[in-house]
Amino acid sequence: MSEWTQLWLDYRKVCDGIEKVNVIVRDFSKENRVIKSLLDEITRGMKGLTGAEISVAIKDEFEGKSEDGTLNVAIQKNDEILAEGYRIFRKGSEVLLEAADEKGALYGTYHILRMTARGELIDGLEKKCDPDNPLRMMNHWDNMDGSIERGYSGRSFFYKNNEVIVDDRTRDYARFMASIGINGVVINNVNVKEAASYMITDRYFDKLKEMSDVFADYGIKMYLSLNFASPIELGGMKVCDPLDPEVIKWWEDKCKEVFTALPDLGGFLVKADSEGRPGPFTYGRTQADGANMLADVVKPYDKLIIWRCFVYNCTQDWRDTKTDRARAGYDYFKDLDGKYHENVILQIKNGPMDFQIREPVSPLLGGLTKTNQMLEVQIAQEYTGQQIDLCYLIPLFKEVLDFKTYCQKDKDTVADIISGRAFGNKNCGMAAVINTGNDKNWTGNDLAAANLYGFGRLAYDMSLSAEEIAREWVAQTFALEKADEDIIVKMLIESRDIYEKYTCPLGIGWMVTPNTHYGPSVDGYEYSRWGTYHRADHLGLGVDRSDKGTGYAMQYYPENASKYNEMEKCPEELLLFFHHVPYSYKLKDGRTLIQYIYDSHFEGESRAEEMAESWEKLKGKISDESFKRVKNRFERQLYNAKEWRDQVNTYFYRKSGIADEKGRKIYE
Ligand code: GCU
């Protein structure tokens, strides 16, 4: 028994009638590392999926006439296809895969396997795929001691006791990532401290080179998170002022050393001036000063600086109702638009706060029009159930991508901006804070792997729907009859709505247990320094972010600003994010706000129960081990959902003194 599962690359036998698969590679070198991985994978995949005694022959030309039960797969170069794209055609027993480069050929191979697993590799097939986003990245928040910041699936498989691990699991990880089109991986936590600061020293170069080689076999570039204070911590300098010539010289020498040892490294991800991390503000410099200095230093090596925009005042006084954390990203970065160098990318969280179950889209996305932008989402479910509660996040990501920013006449959605379609740039894309760990099933909850799979597929092809992605994932992971597949797809698609209903209402966010961020604590952050308040009193709740309040709503282009600014026009799911609303306020369907809070919490909890019951129908149809693991997660989810329902309902009943019209049990 393996120590870890194969997720969606399980390659169980699902396909009859193919006894022999011949693969030929034209134009590409069979010695190329990515082509070697491709050949390994197609051998492994086809053997598993078709069963029987099949032989995968790697030849230059197909021999003779193909007999029944033979599949001939030719992989060849076509320079007209875009980088990392591919074409697949099938005619009779011949499958043709064309790509402009090795990565495209590898992605196409995974697509062939995916279609084989789903019985879709049929005669007459024509498939054209080009990546929507140039950069499709995973961000690990793994620490070198083996812990993972916001990790819910065990410990790190990259580090243990301050050592880097490179083993078979690293290779399997790289395979999974390549199979969904990921081409960049940041391997360490954005909060770079202690041993991690030494990753850019010869203490770790050998191991890191080994790791980056494994990734390179699968067309993946490795990136490191950087400690902005390295000149102080490693160099013994007094300052890390980005405009200080000695600091710049230190970075120049450092980068020479790093890129000589790790030539394939893609560049650095930087969290500066955020939550206690050092940065340019300490020296009265701007974020652009910091990012550009590093960008210039890495430019001779053709590398990137990915600079995070998660900068806000985390020592706020709750008494202060004018300072608004939601405003911070825009306030700090908007005026610097156009000042960032070409190899800087600003990485922007999807919402202005922090990966809540519902937030508006960050106004920085599209607010910036002359700066490379990358969207950051979190598939680690920090605030969305921690891989205990089911919460399929692809519908949320789709909403973000489809959001019209009005930054220009057309091509103005978030998808247009981060893919480079809007402004014609190439340093852009999508990044996800990953949800993996060394648990046997990689993601804690087996069903949370749908988010891992889904993020990659979506980043490659933003036109895929959340349901299509769910179907692909379920089919490859569980190989079920259609009716059973439907059960899991339905659960996934509904899960976000259910989670939202039993947790914090109408975009207000938070109300979570401080620090751990799991489970309810309505006032947990209400008097804290983190700028995350719901402002509930006996008359109503919500944060006034209109022009009469913090003014945050005005950071959007007028079409959106006017909508968010007025309580009556504001989309209801975001009502409490933008407005302080009386409990007696009538929503569009005639219900009062307080009644909505009660109704949604009862509904959310009871639908969570139904979801747990539908899982029971799959008993005996999927592996017992997997069935039990998920069942156990549902038991914990139900406990959590009840706590949320009762604590939120009781809290607002006590505050408002208004009873539930339907007379259901609300604790006093
Ligand atoms: C959240 C999270 C932190 C993390 C931070 C970030 O605040 O709770 O653990 O470091 O986001 O994105 O940098």
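Please refer to the structure higher up on the page.
A brief look at the structure comes next. Model, not experiment: these values are computed from the prediction.

## A closer look at the site of the ligand
Part 1 of the argument: What surrounds the ligand is a group of 13 residues, the closest being Glu149, Lys271, Arg308, Lys349 and Glu382.
Part 2 of the argument: Interatomic distance of 3.1 Å between a side-chain N/O atom of Glu275 and an oxygen atom of the ligand.
Part 3 of the argument: A distance of 2.7 Å separates an oxygen atom of the ligand from a polar atom in the side chain of Arg308.
Part 4 of the argument: Calculation on the ligand without its partners gives an accessible area of 320 Å², and the protein chains cover 96% of this total.
Part 5 of the argument: A per-class count over the shell around the ligand returns three nonpolar, two polar and eight charged.

## What to know about the pairing of strand E4 (residues 86–91)
Part 1 of the argument: Examined bridge by bridge, E4 and strand E5 (residues 94–99) share six bridges and lie antiparallel to one another. Pairing of Lys91 across the sheet is with Glu94, part of E5.
Part 2 of the argument: Counting the residues in the hairpin turn of E4 and E5 gives two residues, including Gly92, whose phi is positive at 55°.

## Thoughts on the nonpolar core
Part 1 of the argument: Within the largest apolar cluster, 221 residues are counted, with the highest numbers of intra-cluster contacts made by Met138, Ile187, Phe268 and Trp307.
Part 2 of the argument: Per-element tally for this core: the top contributor is helix H17 (residues 593–616), with 10 residues.

## Here's the deal with the sheet that holds strand E12 (residues 267–270)
Part 1 of the argument: On the basis of which strands lie adjacent, the closed barrel formed by eight strands has the order E7-E10-E11-E12-E13-E14-E15-E16 and parallel pairing. Averaged over neighbouring strand pairs, the angle between their axes works out to 25° when direction is ignored.
Part 2 of the argument: Of the pairings in the sheet, the one linking strand E11 (residues 221–226) to E12 comprises four bridges and is parallel in character. Counterpart to Leu224 in the pairing with E12 is Phe268.

## Some details on the packing of H17 against helix H18 (residues 624–656)
Each pair of packed helices gets described by two things: the angle between the helix axes and the distance between those axes.
Part 1 of the argument: Running from amino to carboxyl end, H17 crosses H18 at an angle of 170°, the nearest separation of the two axes being 9 Å. When the axis of H17 is compared with that of H18, the two are roughly antiparallel.
Part 2 of the argument: Taken together, the residues of the contact of H17 with H18 break down into 17 nonpolar, five polar and six charged.

## Quick look at the environment of Ser465
Part 1 of the argument: Take Ser465: it is sitting in the loop between helix H12 (449–460) and helix H13 (466–478).
Part 2 of the argument: Between the alpha carbons of Ser465 and Tyr556 there is a distance of 27 Å; along the sequence they are 91 residues apart.

## Remarks on the sheet that holds E4
Two modes of strand pairing occur in sheets, parallel and antiparallel, and in both the strands are linked by backbone hydrogen bonds.
Part 1 of the argument: Strand order in the open sheet formed by six strands is E2-E1-E3-E5-E4-E6, and the pairing between neighbours is mixed. Pairing within the sheet leaves two strands with one partner each, and these edge strands are strand E2 (56–59) and strand E6 (126–129). Between one strand and the next, the sheet's axes are offset by a mean angle of 15°, whatever the strand orientation.
Part 2 of the argument: Bridge count between strand E1 (residues 20–25) and strand E3 (residues 70–77): six bridges; the pairing is parallel. Following the sheet pairing, Val21 is matched in E3 by Leu71.
Part 3 of the argument: Against the sheet, helix H1 (residues 33–50) engages E1, E2 and E3, with an angle of about 170° to E1.
Part 4 of the argument: Where helix H2 (residues 102–117) meets the sheet, its contacts fall on E3, E4, E5 and E6, and the angle it forms with E4 comes to roughly 45°.

## Describing empty space enclosed by the protein
Part 1 of the argument: On inspection of all chains with the given rule, the structure shows 11 cavities of 30 Å³ or more.
Part 2 of the argument: Counted as a void, the largest cavity has a volume near 170 Å³.
Part 3 of the argument: Looking at the largest cavity, it is lined by 20 residues, and the ones nearest its centre are Cys309, Phe310, Gly329, Gly351 and Pro352.
Part 4 of the argument: Those elements giving two or more residues to the lining of the largest cavity turn out to be helix H8 (328–333) and strand E14 (344–349).
Part 5 of the argument: A breakdown of the residues in the lining of the largest cavity according to their chemical character gives 12 nonpolar, five polar and three charged.
Part 6 of the argument: When its volume is computed, the second largest cavity comes out at roughly 90 Å³.
Part 7 of the argument: Lining of the second largest cavity is provided by Trp8, Leu9, Tyr11, Arg12, Val14, Leu49, Leu113, Arg114, Ala117, Ala475, Gln476 and Ala479.
Part 8 of the argument: Those elements giving two or more residues to the lining of the second largest cavity turn out to be H2 and H13.

## Topic: unusual backbone geometry
Part 1 of the argument: One non-glycine residue, Glu84, adopts positive backbone phi at about 70°.
Part 2 of the argument: As for its placement among the helices and strands, Glu84 is situated in the loop between E3 and E4.
Part 3 of the argument: In this model, Asn162 sits at a positive phi of 65°, which is unusual for a non-glycine residue.
Part 4 of the argument: Position of Asn162 relative to the elements: it lies in the loop between strand E8 (159–160) and strand E9 (163–164).

## Brief notes about the pattern of salt bridges
Part 1 of the argument: In the structure shown here, the tally under the stated rule is 60 salt bridges.
Part 2 of the argument: Arg150 is the partner of Glu382 in a salt bridge, and the nearest nitrogen-oxygen pair spans 3.1 Å. Of the two residues, Glu382 sits in the loop between strand E15 (373–378) and helix H10 (394–402) while Arg150 sits in the loop between strand E7 (135–139) and E8, which places them 232 residues apart along the sequence.
Part 3 of the argument: You can call Glu382 buried: its relative accessible area is 3%.

## Some details on helix H14 (residues 482–502)
Part 1 of the argument: Over its 21 residues, H14 extends 30 Å from the first C-alpha to the last, a length consistent with the 30 Å expected when each residue adds 1.5 Å.
Part 2 of the argument: Along H14, the largest kink reaches about 40° and is centred on Ser495.

## Examining the side chain of Asn292
Part 1 of the argument: Within the fold, Asn292 resides in helix H7 (residues 287–298).
Part 2 of the argument: Within the structure, Asn292 has its side chain in polar contact with the backbone nitrogen of His341 (distance 2.9 Å).

Thresholds applied
Residues numbered from 1 in each chain as written. Predicted model: local features only at pLDDT ≥ 70, side-chain atom pairs only at ≥ 80, totals over all residues. Heavy atoms only, no water. Near = heavy atom within 4 Å. Polar contact = N/O pair within 3.5 Å; in protein donor to acceptor, adjacent residues only side chain to side chain. Areas by Shrake-Rupley, 256 points an atom, 1.4 Å probe, with all protein chains shown as cover. Nonpolar A, V, L, I, M, F, W, Y, C, P; charged D, E, K, R; others polar. Pairing = 2+ DSSP bridges. Helix = DSSP H or I, 4+ residues; strand = E, 2+ residues; numbered from the N terminus. Core = buried A, V, L, I, M, F, W, Y, C linked by side-chain atoms within 4.5 Å. Buried < 20%, exposed > 50% of the residue type's maximum accessible area, 1.4 Å probe, protein only. Axes fitted to C-alpha atoms, helices over the stretch in contact; angles between N-to-C directions. Parallel < 35°, antiparallel > 145°, perpendicular 65-115°, else oblique. Contact = heavy atoms within 4.5 Å. 1 Å grid on protein atoms, 1.4 Å probe; cavity = no way out; pocket = protein on both sides within 12 Å on 5 of 7 lines; lining within 4 Å. Points joined across faces, edges and corners; volume = space filled by probe spheres on them. Salt bridge = Lys/Arg side-chain N within 4 Å of Asp/Glu carboxyl O. Expected span 1.5 Å × (residues − 1). Bend = angle between axes of the 7 residues up to and from the residue.

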